[in-house]
Amino acid sequence: MFNTLRTLLLTALHAFHRRATVQYPEQQPYLPPRYRGRIILSRDPDGMERCVACNLCAVACPVDCISLQKTETDGRWYPEYFRINFSRCIFCGFCEEACPTYAIQLTPDFEMGEYARPNLVYEKEDLLISGTGKYPDYSFYNVAGIPIPGKARGASERERPPVDLHSLLP
Amino acid sequence: MTTIRIDGRDWPTRSDINLLQACLEAGANLPYFCWHPELGSVGACRQCAIKQFSGPEDRKGRIVMACMTPVSENAIISIDDPEARDFRASVIEWMMVNHPYDCPVCEEGGECHLQDMTVMTGHNTRRYRFTKRTHRNQDLGPFVKHEMNRCIACYRCVRFYRDYAGGDDLAAFASHDNVYFGRAEDGTLQNAFSGNLVEICPTGVFTDKPFSAVYTRKWDMRGAPSVCVHCAVGCNTIVNAREETLRRVLNRYNTDINRYVLCDRGRFGHGFVNAPTRIRTPLRIIDGQQVPVPTADALTAFAHMATKGRVVGIASSRAALETCFSLWALVGAKHFSTGQTRQEQECAELAHALLTRHPGALPTLHEMESADAVLVLGEDVCATAPRLGLSLHQSVRQASFHTADNAKVPRWMDAAVRTLGSECPSTLHILTPAPTDLDSVAAETFHAAPDDIARLGFAIAHEIDPSAPPVTDLTPDDAARVARLAQTLMAARKPLIVSGMQYGSRALMQATSSIAAALARTTPAAGLSLVLPECNSMGLAMMGGLSLETVMEQARAGEIFTLIVVENDLTRHLDPADVADLVATVPNIVVIDHTMTPLCQHASLVLPIAAFSECNGTLVNQEGRAQRFFQAVFPPAPIQAGWRWIQTLARGLDPSTLPVTGLIGWGSLDAVLAALATAFPGLAPAAMAAPGGDYRINGEKLRSQTYRASGRTVIRSFVSVRDQPPPASPDTPFSSSMEGAYEPDMPGALVSFYQTPAWNSVQALNRFQFEIGGPLRGGPSGICLLSPAENKNTQARPYTYTTDIPPPYVPQANVVLVLPDTRLFGSEELSMFSPPIMERSSAPTLGLPANTATSDRMMLHLEDGPHVLPVKPVPGLPADTALCPAHMVARAFRFPRMARLEDFPGEGERT
C-alpha cells in the first residue's frame, strides 16, 4: 500500500521537473563542433582544394562508401571525382582521422533525410565547401616536399634550398 | 645444407647464401634496402644489422650486416636482440631525416618498401628538428618519374641500371648527404629496362609515369596474372585494373623466364587497351559508311554472308590459342589460314621443327644466364626479344662467377665479384648484319649479310662436327674466325646458340641448329634458342594452316565469299596492291579485333574483341611454353573474348551452312581447351598451363583484390545506388572481388598480386618462394610443350644436317639489300598504340654503311613506291646493304629484298 502511494507521488513529482523533450525542429539542439555528421571536403587557407586524393579515407572506411580517383595539375594532386554514398555511411569518422591533410571533415549537420536513395550519393561538388572547416591554418603543401605553383622546391617548412650538384664544396 | 640458429630456433638453410637471405627464407621479418635477389649485396644501407654470436657461451655477440655475412655452419644469430633492434631503429631514423612528408601524394605509397621497413623497425616519430636537404628532379622521359627528395641512397638504381642492364645514362652524383641519382642532364632514360627502376627502387624516387596519370593505390586494384603480348619471349606480368580500366602492368616472377625484370615495351606497351583506337561496338557498312550496329544486327548480317558462299578464316600470331582454334573449328582446317606470309610461316614452322629435333638442351632464359659461351647468329635480340637480350647480357658474367668461386668469394658479394670480373674476358660472340646493343659487351662482333652469316654458321658446324656439310670458298679471315669460334664453343660446358626470324632467313636458323646439334654430340647441355616475332607465333606454328599467299590465290580465283580476320592487320603482311586485290575480290571481310587497324576500314563487318587484359587465354612462347593469361577487366558488352565471338557467330548460323558441331556447345575456356587437345594432340598440355576454371582453395575461389579494396558500396552508385553482384566468369578460378582465398602457396600461375602481412611492396615476393630466386612455392607457371623427353627420343636418331647452304651474298649494281631495322619501340604493332611508347619511338631513318651516303636524305624504292628518308650512317654495316625500320616506312615490309636507292632530288632546297 505504502509502495503504491510512493510510486504515485514520485510520478506526480515529475510533472514539475524540467522537460526533456526538445521541440525539434523548431528548437535546434546544441551540437559540438566535433559532432560526427554530414561529411564535407574543405579548402586550404589559400582557397585551393585540400584533398590530395591519397585514398586513405576510402581505405579507412569500414563500409567502403568513399570512392575517388586521383588527377594532377602542376604537381598538385586532386580528386577527379570524389563520391560518398551517404546511404551507406555510418558516420564513424574514421575517414577524418585518416586524412593527412584535414580535407575530409565531419560537421554537426545530421539533417540528411531523403525520399530516394540516389539523392544520398554525394559527388565532389556537393561535398566541397569554400572554407577551411575546423582547421583554419593548415595547408598540406606547406609541409610536403613537392613544389607547387607559388612554392618552389626546397621552400616548404623546414627545408633547405635545393643542393647545387655542380658545387665541389663538401 | 646447413643449420643456423635464429633467436634460439634452428633453421635448415643453404650454405652458399648470406644471413639476410637465410633469415628471409626462414620467414623472419628483417628489414633491408640495398640487397636485391638479382643484384646481390653491397652493404650500402646498414639496415639489416643483426647480432651474431661466436658460440653458445657467447652472451655479448657482435653486430654484423646480415647481407654481407655468409651463412656458416651452426651460426647463432639474433634478430630480436635489443642492441640490434636499436641499431636498426637508428639507421632508419637517419634515413628518414631528409625524407619529405610526401606519402599522401607519392605513387609508391601503400606499396612502398620504405614504408614497410619503417613500420617493421618501429620508427614512428621524427625527432629531427632541423631543416631537410632537398634536390631538384629531372625529366627522365615518358616512362619514369623522378622525385629525388625521397631517396635513401641505397644505390639499387644505379647498380641495376648500369651493372645489370648495361645502361650508362644514370649515375650517382655528389657526395655524403647530397648524393644524387640521375642523369648528367635532363633527358629520356635510354636503356630498354628503365621501367624496372620503378620496382627496383625501394622508395618513391622512380615511379611509373603513365600509371601516375591514372593512379590508384595498390590495394584498390584488381590484379590478374597475365602474359606479355609484345614479343614471343612470354614474360609473365601482373595486370592491374580498377573501374574496368587497365591501370598498369607489373612484373610477375617466373623463375624460368623474366624473373625480376621486364622490358619497357612490355611494361608500358599496354596503352593500346585504353586507347581511343579501341573498337567498342560492332560496326557494319550501311550505305557505304561504317556505323555502329547492335550485336543482333551484326549476327544476322554474318549469317546472311555465310549462306552465300565459302567462309575462310585468317587467324593471327598475336591472338590467343583458343581464339585461333575456335576460328579453325568454325571454318574447318581446309579454310584456316595462319595469317602469315609464306616466308613468315615457313620460318616459324622451321623454328618449331628445329627446336623439336634439337638433340641438346632448350634453355630457359634463366638457364641462358649461366651459358659460358654464347653465339648470336643474325638476330638483334635486344630489339626482337629484349628480355632474352638481357639474359645474354648476364651470361657475360659467367667468367667472373667462376673466378669468384676460385677466389672463394661468394657470388652474391656483388662489388667484389664485379671487381674480379673486370679482368674476365667476355663469352658473347655476335654475328649480325647490323650492330646491336649487346655489341659493347661482346668478345667479338662481325657484321655481314644474312646469307654470309649463315655460311659462317654452317662452316662452324662443319668445324665442330666434320660430318656436317662443309662450306667452300671461305676467305682466310672467315676461316680463321670460324676456327676460333668453333674452338670457343667446343671448349664451353654450356654453349648456347641464338638466332631468329628477324631477317626472315631459313638458312640462318638452319645454320644455328646445325651448330647446336654439332655441339650436342659432345656437350649435351648445348643450347639452342630461336627468336620468333609474336606472342603466339609458336602456338600457331604448331597448329598450321594456309599461308596468306594461298588465301590470295583463292581470293583472286573468286573462291572466297566471306573472309573472317581475327586480330590480324593484314596490311602489315600484304603489300597495298595485294590488300586492294583482296578487298576487290572478296565480297565480305569480317574483322574481329580490339583495335581500329587500317584493315578495319575495308571491313564490311567489324566486331569488338576483348584485349589481353579483358579475357582469358593461352599463349605459346618461342621456347614452346604454354602460358595462361587471366582477365583483370570485365569489359562491357558487346566486347567479349575471341572464341566467344566466334561461337556467337556459329550459333547464329543455319547448321547446314557450316558444320560447326563442337564449337556451339563450349561453355567455358576449359571446354575449348579440351576440344583443342582432341584436335591438336601436340597442344594438349596447354590445358595444364594453369589450373582450370573449377580450381578452388579450401572450396573458395581465389581473390583478385586485396582484402582492403575500397569503395565497394559507392564506386558504381552514380549509375545505380543498388549494390550489384561482382562480375564473374566461368573461365577463371578467380573471384573478381576481395572475397576468396589468397596465400603464398597458391599455384604460381595464379598469383594475382604480391602481398603478405607486413610486406606490401613487390618485395613481398620473397614470401612466395622457398628459396629466394628459386621457384615459386605454388609450383611453376606454364607448361613446356616441347618437352625434354621428346628430345631424348630423337637423340637415338642421328641429327641430319641440312645441305642447303646459301651462296655468298653478291652485291648487284644499282640496288641495295634492304634489311629490317627492328626497333624496340616502333616495330611492334600493338605497343605503338600506347601513348608512352609512341612518344619514345623515333622517326624512321635509313641506315647506310658509314661514309657511303651521298646526301643526308635518300629515296628508297619499295614495292609501295618511293620513300624519302633521312640517312643515318651505321658503322660496321656491310657494304651494299641498307637498314630500313620494319613496318615504319612501308607498312607491309617483306625482307630481305633488293631495292633501288637514289639521292633525294630536293636536297638543295631543304637547307
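All values derive from a computational prediction rather than experimental measurement.

1. Some points on the sheet that holds strand β26 (residues 617-620) of chain B
All names here are of chain B. Taken in spatial order, the three strands of this open sheet run β26-β27-β30, and their pairing is antiparallel. Lying at the two open borders of the sheet, with one neighbouring strand each, are β26 and β30 (783-784). Examined bridge by bridge, β26 and strand β27 (residues 625-629) share four bridges and lie antiparallel to one another. Within the sheet, the bridge partner assigned to threonine 618 lies in β27 and is arginine 628.

2. Thoughts on the UniProt feature "binding site: [4Fe-4S] cluster 1" (unreviewed entry) in chain A
All names here are of chain A. Residues annotated in UniProt with the feature "binding site: [4Fe-4S] cluster 1" (unreviewed entry) correspond here to Cys51, Cys54, Cys57 and Cys99. For the residues just named, distributed over 49 residues, the greatest C-alpha separation is only 10.3 Å, placing them together at one site. According to the C-beta neighbour criterion, cysteine 51 is buried, with 26 such atoms within 10 Å. With respect to the helices, strands and loops of the structure, cysteine 57 is situated in helix α2 (residues 56-60). Accessibility expressed as a C-beta count within 10 Å gives 26 for cysteine 57, which makes it buried.

3. Examining the UniProt feature "domain: 4Fe-4S Mo/W bis-MGD-type" (unreviewed entry) in chain B
Taken from the UniProt record, the annotation "domain: 4Fe-4S Mo/W bis-MGD-type" (unreviewed entry) applies to residues 221-277 of chain B. In this annotation, residues 221-277 of chain B is assigned 9% helix and 35% strand; the end-to-end C-alpha distance for the span is 24 Å.

4. Topic: the UniProt feature "binding site: [4Fe-4S] cluster 2" (unreviewed entry) in chain A
The positions that UniProt labels "binding site: [4Fe-4S] cluster 2" (unreviewed entry) are, in the present scheme, Cys61(A), Cys89(A), Cys92(A) and Cys95(A). The annotated residues occupy 35 residues of the chain but converge on a single region, no pair of C-alpha atoms lying more than 10.6 Å apart. Note on placement: Cys61(A) falls in the loop between α2 and β2 (66-73). Look at Cys61(A) and you get buried, because 25 C-beta atoms sit within 10 Å. Contact partners of Cys61(A), with chain neighbours within four places excluded, come to Ile66(A), Phe94(A), Cys95(A) and Ser710(B). Judged by the 22 C-beta atoms lying within 10 Å of it, Cys89(A) is buried.

5. What to know about the domain arrangement of chain B
All names here are of chain B. In terms of domains, chain B is made up of domain 1 (2-96), domain 2 (105-113 + 128-273), domain 3 (283-345 + 539-620 + 635-685), domain 4 (361-525) and domain 5 (815-910). The C-alpha centroid of domain 4 is placed 31 Å from the C-alpha centroid of domain 2. Each partner contributes residues to the interface: domain 2 has 17 residues there, and domain 4 has 13 residues. Here the side of domain 2 that touches domain 4 is composed, by residue class, of ten nonpolar, three polar and four charged.

Thresholds, definitions, all that
- Residues numbered from 1 in each chain as written.
- Chains lettered and ligands numbered in written order.
- Predicted model: local features only at pLDDT ≥ 70, side-chain atom pairs only at ≥ 80, totals over all residues.
- Pairing = 2+ DSSP bridges.
- Helix = DSSP H or I, 4+ residues; strand = E, 2+ residues; numbered from the N terminus.
- UniProt positions renumbered as here; feature names shortened; annotations may be inferred.
- Buried ≥ 20, exposed ≤ 12 C-beta atoms within 10 Å, placed from the backbone.
- Contact = placed C-beta atoms within 7 Å.
- Domains from an automatic or database assignment.
- Nonpolar A, V, L, I, M, F, W, Y, C, P; charged D, E, K, R; others polar.

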